[in-house]
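Structural features, examined
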Amino acid sequence: MSAKKETLGRTVGVVVAVCLVCSIVVSGAAVGLRSLQQQNAALDKQTNILEAAGLLADAKGDIAGTYKARVEERFVDLNSGDYVEKPSADYDMYKAAKDPATSTKLEGSNVGFQRKPNVASVYLVKDEQGAVSRIVLPVHGSGLWDLMYGFLAVDADGKTAREMVYYQQKETPGLGGEVLNPSWKAKWDGKQLFKDGDVAIAVKKNASPDDQFAVDALSGATLTSNGVQHTLDFWLGEQGFGPFLAKQPWKS
């Protein structure tokens, strides 16, 4: 074998060895960081739920402790509105929506997704005496560019909005991205969700602050505002949390 071939073989061997070492290091780092990533994801979720619950300021940095003391996750059959047992130890309603065995296909959907989970999470917020003060509902629906995910906080009467907190969205900054603006989020507090049993809350242009059924639409972001409206119509309606809010099982 020539020296040239020996050099080429040695070079290839070194490259292969380096690639193997790098892949092992990267894989090891990914596995090692997975637990930390999961913890951060859980903490982020708890932070957004506490914001919707009106408890973020009270937490004073102790997000996990406040969440554990004041928030209880329950599971609801969306068809009946009744509480059910947690379907599995690692149940996730968004993953369940992708599985035909644990979801229902929607007909004529205008909310940006084609299947809904049969069982959804709800979060009961309790006061210091243990009574339910708010119910936080996970909601999602289409925006201008992609699905927007958020938490809608409802008063214990099951009819009054308290907070709308979007935590994942890709809307245009300064336009649809104003769903994150504190001044817009403040407009939800006290708005009535239903009238004569039907969804009545509306996102509309130039809504009067005195209109108990209306939230002012986002300026220059008609499609985003329409997406918020479709999200409300679906998740507060019969296919979403409507039966649950009508039954009010947290009062039982």
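Scroll up a little and you will see the structure.
All values derive from a computational prediction rather than experimental measurement.

Details of the overall build of the chain
The helix and strand tally for the chain stands at 7 helices and 12 strands. Per-residue burial for the chain yields a buried fraction of 40% across its 252 residues. By sequence separation, contacts in the chain at least 24 residues apart represent 53% of the contacts at least 6 residues apart. Of the roughly 13,800 Å² that the chain leaves accessible, carbon and sulfur atoms contribute 54%.

Description of unusual backbone geometry
Phi is positive for Asp-196, which is not a glycine, with a value near 55 degrees. Here Asp-196 shows up in the loop between strand S9 (194-195) and strand S10 (198-199). Relative accessible area serves as the criterion here: at 75%, Asp-196 is assigned to the exposed category. One non-glycine residue, Asn-206, lies in the positive phi region at around 55 degrees.

Side note on the nonpolar core
Counting 46 residues, the largest nonpolar core has Leu-137, Trp-188, Leu-232, Leu-236, Phe-241 and Phe-244 as its most contacted members. Counting residues per element, the ones that place at least two in this core are strand S1 (71-77), helix H4 (93-96), strand S5 (119-126), strand S6 (132-142), strand S7 (147-155), strand S8 (161-168), helix H6 (222-235) and helix H7 (242-247). Ranked by residue count, the leading element in this core is S7, at 5 residues. With 15 residues, the next largest nonpolar core counts Leu-50, Ala-53, Tyr-123 and Ala-153 among its residues.

A short note on the pairing of S6
When you tally the buried positions in S6, you get 10 out of 11 residues, the bulk of the element. Alignment of S5 against S6, held across 4 bridges, turns out to be antiparallel. Each bridged residue has a counterpart across the sheet, and for Tyr-123 the counterpart in S6 is Val-136. Joining the antiparallel neighbours S5 and S6 is a turn of 5 residues, in which Gly-130 adopts a positive phi near 95 degrees. Here S6 runs beside S7; their pairing, made up of 9 bridges, is antiparallel. Its bridge partner lying in S7, Val-139 is registered against Gly-150. Once S6 ends, the chain turns through 4 residues before running back antiparallel as S7.

Focus: helix H3 (residues 63-70)
Ile-63, Thr-66, Tyr-67 and Arg-70 are the residues of H3 that are buried. The buried residues of H3 occupy one face: seen down the axis, they fall within an arc of 100 degrees. When the buried face of H3 is taken as reference, the exposed residues oriented beyond 90 degrees from it are Lys-68 and Ala-69. Sitting at the head of H3, Asp-62 places a side-chain oxygen 3.0 Å from the backbone nitrogen of Gly-65.

Some words on the sheet that holds S6
Reading across from one edge, S2-S1-S5-S6-S7-S8 is the order of the 6 strands in this open sheet, with antiparallel pairing throughout. The two strands at the open ends of the sheet, each matched to only one other strand, are strand S2 (83-84) and S8. Sheet strands in contact with H3 are S1 and S5, and its direction is about 55 degrees off that of S1. Across the face of the sheet, H6 comes into contact with S6, S7 and S8 while running at roughly 125 degrees to S6.

Cut-offs used in this document
- Residues numbered from 1 in each chain as written.
- Predicted model: local features only at pLDDT ≥ 70, side-chain atom pairs only at ≥ 80, totals over all residues.
- Heavy atoms only, no water.
- Helix = DSSP H or I, 4+ residues; strand = E, 2+ residues; numbered from the N terminus.
- Buried < 20%, exposed > 50% of the residue type's maximum accessible area, 1.4 Å probe, protein only.
- Contact = heavy atoms within 4.5 Å.
- Areas by Shrake-Rupley, 256 points an atom, 1.4 Å probe, with all protein chains shown as cover.
- Core = buried A, V, L, I, M, F, W, Y, C linked by side-chain atoms within 4.5 Å.
- Pairing = 2+ DSSP bridges.
- Arc of directions from axis to C-beta.
- Polar contact = N/O pair within 3.5 Å; in protein donor to acceptor, adjacent residues only side chain to side chain.
- Axes fitted to C-alpha atoms, helices over the stretch in contact; angles between N-to-C directions.

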